Amino acid sequence: MNLESSIQSIVKDAVSKLYALEVELAQIQIQKTRKDFKGDLTVVTFPFVKAAKKSPEATGQEIGEYLQANNGLITGFNVIKGFLNLNISKNYWLQLLNKIRSADNFGYNMDGDCEIMMVEYSSPNTNKPLHLGHIRNNLLGYSIAQIQQANGWKVVKTNIVNDRGIHICKSMLAWKLFGNGETPESSGLKGDHLVGKYYVEFDKAYKAEVKALIEKGMTEDDAKKSAPLIQQAQQMLVAWENHDPEVYALWEMMNGWVYAGFDETYKQLGVDFDKIYYESRTYLDGKAKVEEGLRNGVFYKREDGSVWADLTADGLDEKLLLRADGTSVYMTQDIGTAALRYNEYDIKKMVYVVGNEQNYHFQVLALLLDKLGFEWGKDLVHFSYGMVELPEGKMKSREGTVVDADDLISEMIDTACETARELGKLDQSSEEEIEKIARMVGLGALKYFILKVDPKKNMTFNPKESIDFNGNTGPFIQYTHARIKSVLRKVDELNIATDVPVTENLPLSDKESNLVQLLSLFPAIVREAGQEFSPAVIANYIYELVKEYNQFYHDFSILREENPELKYFRIVLSAAIADAIKKGMYLLGIDVPERM
RNA sequence: GGCCCCGUGGCUCAACUGUAUAGAGCAUCUGACUACGGAUCAGAAGGUUACAGGUUAGAAUCCUGUCGGGGUCACCA
């Protein structure tokens, strides 16, 4: 039983004996005492004042006296308004630190039954390079996989690549028409950027055609449909579906360039996948599954031959699943991919990391999968995250306001490198080491910046101001870790044994016991982050821990402390905190350096 | 228009399973290295939590309405 629940039950006894009031344990609020008040834990006494028929202060006083008499760990208390602040014995915190140290993998809750959770994230189209929006997706997806793993799930990270469709044909067509055989090798351009370039070329040429047609008197709608380029692209899609050898070869070659480009970006970003699905191979399964649903009467066919799902009974609309010509739509493909995954893995929980503009889509998908008999369909998690906006609004590829992923990553690393040199931090390090650290710090800044924000919310990203390295940032946390490691290296040189428990009856300051208390919350935070699907919960916790530690570090000496046992306690505390920082950042997909 | 989400100091974010003086960081101003790492620490200034009602002992948080912003309502993915 932990301290909080034992206090809860004593409070229950107290109000029962003192005021003949029976309350549920869960209703008794115990919280960490707020910063500006004296104490470790706080009991909220307002719910009891009515029964007590006394002022909140008097009630708090009475309950406080009862608690102190009945729990040896409570060494004192004070009452402010209706808040009963309890002081907990310093020895309790010392013992707790020993427990934390000896805990097996402290912070991670690996006692689950290890069932499979599949996390789908990234899911790019193969017609243009990744941008800032994908970065948020990738970081969230990777981090949530790490977090769920730390909560006892066996996580399978997966990616569904949108490698077919009209958008790919546009790039292909433009390359064929204007490319002059340009390749990544011949131009030195990264594959995905090269293909993206032709996607833009297509758009330009297409718009020019449309404009010309409108000037000849055509309506805009007609012009858009009858422009030669779009018609050619559509023909190309049909040819692709019929496996026309020439088109297929072109498609394979250009997709190959894009994959190589994406792999590079993923590697830079430090994310990976256990299993990659390609839409070009799953869309046919979707059709099969829909036809099965049609036979079972789950879906129905209209006169023109198109297949629909009627969700009006569930408060939604009717949804198209197969076009009249038998070709599939987005939803069909998601059903197909689901079917394939369901056959390949014993999935207990399916998580889709997809932007919140698709909330409706996933609401529908959950219903459809359920109707089709997928056990996890109804409970699928749409990990819906907000958009990344620029100060001037949404990113728009047409207006060239898209922040490219590769550019951003390398800028971050460059900035980290410059900053390190300016500060003269790494004068003794080799070039290779500097590069390695700059990468960690630059990426750490980017990742933390994005992950510290509640994923559900839209966020603003200002590329000009770039990302700070001071304050509530990744580097701030990394710095603290490096600093502790530096102290620990000295400890090592001094040959201080660090494998024995800390002793009791030390004159701990409130700052120190508070740090132990904060540290002890780590496992609960990891659990909460898993339940809430929120890396931000971990990011904010680590920040708080680090901030507290830095204050301690500033105000107290570690190695110069004269009392050897207290000195040892501080070493152990620092090491435990460095460990928690590292583990927490690991869950965010952020590396922490030994020095920086 | 229907449905969904959001509105917190100049800026970026916390707190949103109700509870103390609404917390941080950036930017601004002022301090702290003969110290274990100054990418740090301390302090100042800056908010009637969009607005108006309601529920409550207690509301940024819950309810209703208004205003403002975003998303979605495709035989695009």
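Residues numbered from 1 in each chain as written. Chains lettered and ligands numbered in written order. Predicted model: local features only at pLDDT ≥ 70, side-chain atom pairs only at ≥ 80, totals over all residues. Heavy atoms only, no water.

Participant: I tried to follow the packing of helix α13 (residues 330-344) against helix α14 (residues 359-371) on my own but got confused; where do I start?
Facilitator: A pair of packed helices is characterised by two quantities: the angle between their axes and the separation of those axes. At a closest axis distance of 11 Å, the pairing of α13 and α14 adopts a crossing angle of 50°. Judged on the interaxial angle alone, α14 and α13 are oblique. α13 and α14 meet at a crossing whose hand is right-handed. Each of Tyr-330, Met-331, Asp-334, Ile-335 and Ala-338 in α13 lies in contact with α14, whose residues at this interface are His-361, Phe-362, Val-364, Leu-365, Leu-368 and Leu-369. Residue composition of the contact of α13 with α14, by class: nine nonpolar, one polar and one charged. (Axes fitted to C-alpha atoms, helices over the stretch in contact; angles between N-to-C directions. Helix = DSSP H or I, 4+ residues; strand = E, 2+ residues; numbered from the N terminus. Parallel < 35°, antiparallel > 145°, perpendicular 65-115°, else oblique. Left-handed = near helix turned anticlockwise from the far one by under 90°. Contact = heavy atoms within 4.5 Å. Nonpolar A, V, L, I, M, F, W, Y, C, P; charged D, E, K, R; others polar.)

Participant: Honestly, the side chain of Ser-171 in this entry has me stumped. Any pointers?
Facilitator: Its place among the elements puts Ser-171 in helix α6 (residues 166-178). Residue classification places Ser-171 among the buried positions, given a relative accessible area of 1%. If sequence neighbours within four positions are ignored, Ser-171 has contacts with Asn-127, Val-195, Tyr-198, Tyr-199 and Met-254. (Buried < 20%, exposed > 50% of the residue type's maximum accessible area, 1.4 Å probe, protein only.)

Participant: Sorry if this is basic, but what is going on with the protein's contact with RNA strand B here?
Facilitator: The immediate surroundings of RNA strand B are formed by 57 residues, with Lys-425, Lys-457, Thr-460, Tyr-479 and Phe-556 found nearest. Backbone atoms, meaning sugar and phosphate, make up 61% of the atoms of RNA strand B lying within 4 Å of the protein. Separating a base nitrogen of RNA strand B from a side-chain N or O atom of Asp-304 is a distance of 2.9 Å. Contact between RNA strand B and Tyr-553: a sugar or linking oxygen at 2.8 Å from a side-chain N or O atom of the residue. Looking at the surface near RNA strand B, the elements with two or more residues in it are β2 (41-44), β4 (83-88), α13, β14 (459-460), α17 (474-493) and α20 (535-555). Its residues assigned to classes, the surface near RNA strand B shows 23 nonpolar, 17 polar and 17 charged. (Near = heavy atom within 4 Å. Polar contact = N/O pair within 3.5 Å; in protein donor to acceptor, adjacent residues only side chain to side chain.)

Participant: Can you walk me through the domain arrangement of chain A in this structure?
Facilitator: A common way to report how large an interface is uses the accessible area buried once the components associate. Partitioning chain A into domains gives domain 1 (3-88), domain 2 (121-389) and domain 3 (445-587). If you average the C-alpha positions of domain 1 and of domain 2, the two centres end up 57 Å apart. (Domains from an automatic or database assignment.)

Participant: Can you walk me through the pattern of salt bridges in this structure?
Facilitator: A side chain of one charge can pair with a side chain of the opposite charge when the charged atoms of the two come close. Taken as a whole, this structure holds 24 salt bridges when the rule is applied. Taking the shortest distance from any N to any O, the salt bridge between Arg-341 and Glu-120 comes out at 2.9 Å. Residue Arg-341 is located in helix α13, and its partner Glu-120 is located in strand β5 (residues 116-120); the two are separated by 221 residues in the primary sequence. The class of Arg-341 is buried, set by a relative accessible area of 0%. Relative accessible area serves as the criterion here: at 3%, Glu-120 is assigned to the buried category. When the shortest N-O distance is used, the salt bridge between Lys-176 and Glu-246 registers 3.7 Å. Taken together, the residues span a long stretch of sequence, with Lys-176 in helix α6 and Glu-246 in helix α11 (residues 245-269) at a distance of 70 residues. Since its relative accessible area comes to 56%, Glu-246 is described here as exposed. Put simply, Lys-35, Lys-511 and Glu-548 are held in one network by salt bridges that share partners. (Salt bridge = Lys/Arg side-chain N within 4 Å of Asp/Glu carboxyl O.)

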